[in-house]
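# Structural overview
Here is how the chains run, residue by residue.
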Amino acid sequence: MHELSIAMSIVEIAAEYAEKDNSDKVLEIEIEVGELSGIVVEALDFAMDAAVKNTICENAKWMISIVEARAKCSSTGKTYKVQSLYSPCPFCKKFGHELIAGKELRVRSILVE
Ligand SMILES: [Zn+2]
């Protein structure tokens, strides 16, 4: 299960952060998941439940927010919300864009005691 290994690395990141801060308790973890990251939020949520067991994140709350996919047109330089990776630019109707958001998976913030 892909999401479980992701959840475990998130817990690891949070634990390391707490350690550096001389804390032994993580209170909150904010996670950002891009729409096109291929990660299923419900599965990640479920995996987090398992990953925090017996760690200093055990009593932490976590929030998972979804980042919308955005692209920048390579002809006009305009940015727009991506409906699908294969749809053209809504302004000039050309294909060819650079994805600027939507594939991320990151820990946005960690709160420790
Ligand atoms: Zn365009």
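Everything that follows concerns the structure shown earlier in this document.
What you see is a predicted model; the values in this text were computed from it and never measured.

Calculation notes
- Residues numbered from 1 in each chain as written.
- Predicted model: local features only at pLDDT ≥ 70, side-chain atom pairs only at ≥ 80, totals over all residues.
- Heavy atoms only, no water.
- Donors = N, O, S within 2.8 Å, 3.2 Å for Na, K, Ca; no water.
- Helix = DSSP H or I, 4+ residues; strand = E, 2+ residues; numbered from the N terminus.
- Buried < 20%, exposed > 50% of the residue type's maximum accessible area, 1.4 Å probe, protein only.
- Phe/Tyr/Trp six-rings, centres within 6.5 Å; stacked < 30°, edge-to-face > 60°.
- Lys NZ or Arg CZ within 6 Å of the ring centre and 35° of its normal.
- Pairing = 2+ DSSP bridges.
- Right-handed = clockwise from strand over helix to strand, strands pointing away.
- Core = buried A, V, L, I, M, F, W, Y, C linked by side-chain atoms within 4.5 Å.
- Contact = heavy atoms within 4.5 Å.
- Salt bridge = Lys/Arg side-chain N within 4 Å of Asp/Glu carboxyl O.

Angles between donor atoms at a metal ideally measure 109.5 degrees for a four-coordinate tetrahedral arrangement and either 90 or 180 degrees for a six-coordinate octahedral one. Protein ligation of the zinc ion involves Cys73 (SG), Cys89 (SG) and Cys92 (SG), the donor distances falling in the range 2.2 Å. Expressed as a motif, the donor residue spacing for the zinc ion is C-x15-C-x2-C. Here Cys73, found in strand 3 (residues 70-73), pairs with Cys89, found in the loop between strand 4 (79-81) and strand 5 (97-101); they are 16 residues apart in sequence, far enough to count as distant. There is no split in this pair, since Cys73 and Cys89 are both buried.

What follows is about the packing of aromatic side chains. All told, the structure shown has one aromatic pair when counted by the stated rule. Cation over ring: Lys78 sits above Phe91, and NZ or CZ is 4.5 Å from the ring centre.

This part takes up the pairing of strand 2 (residues 61-67). Note that strand 1 (residues 26-34) and strand 2 share seven bridges and pair parallel. Along strand 2, the bridge assignment pairs Gly34 with Val67. Read as a crossover between parallel neighbours, the route from strand 1 over helix 2 (residues 41-51) to strand 2 is right-handed.

Attention now goes to the nonpolar core. Ile10, Val26, Ile29, Ile31, Leu44, Met48 and Cys57 are the most contacted members of the largest nonpolar core, which has 21 residues in total. Looking at which element gives the most residues to this core, the answer is helix 1 (residues 2-20), with six residues. Residues contacting Ile29, with those up to four places away along its chain left out, are Ile10, Ala14, Met48, Cys57, Ala60, Lys61, Trp62, Met63, Val107 and Ser109. Core analysis: the second largest hydrophobic core is formed by six residues, Ala69, Ala71, Val82 and Cys89 among them.

Once that is clear, we can look at the pattern of salt bridges. Evaluation of the coordinates by the stated rule reveals seven salt bridges. Across the salt bridge formed by Lys61 and Glu28, the nearest N and O atoms sit 3.6 Å from each other. With a gap of 33 residues between them, Lys61 in strand 2 and Glu28 in strand 1 connect regions that are remote in the sequence. What makes Glu28 partly exposed here is its relative accessible area of 23%. In this structure, the salt-bridge partner of Glu35 is Lys81, at a minimum N-O distance of 3.4 Å. In this pair, Glu35 sits in the loop between strand 1 and helix 2 while Lys81 sits in strand 4, placing the two residues 46 residues apart along the sequence. Its relative accessible area of 40% is what places Glu35 among the partly exposed residues. Under the relative-accessibility criterion, Lys81 is labelled partly exposed at 32%.

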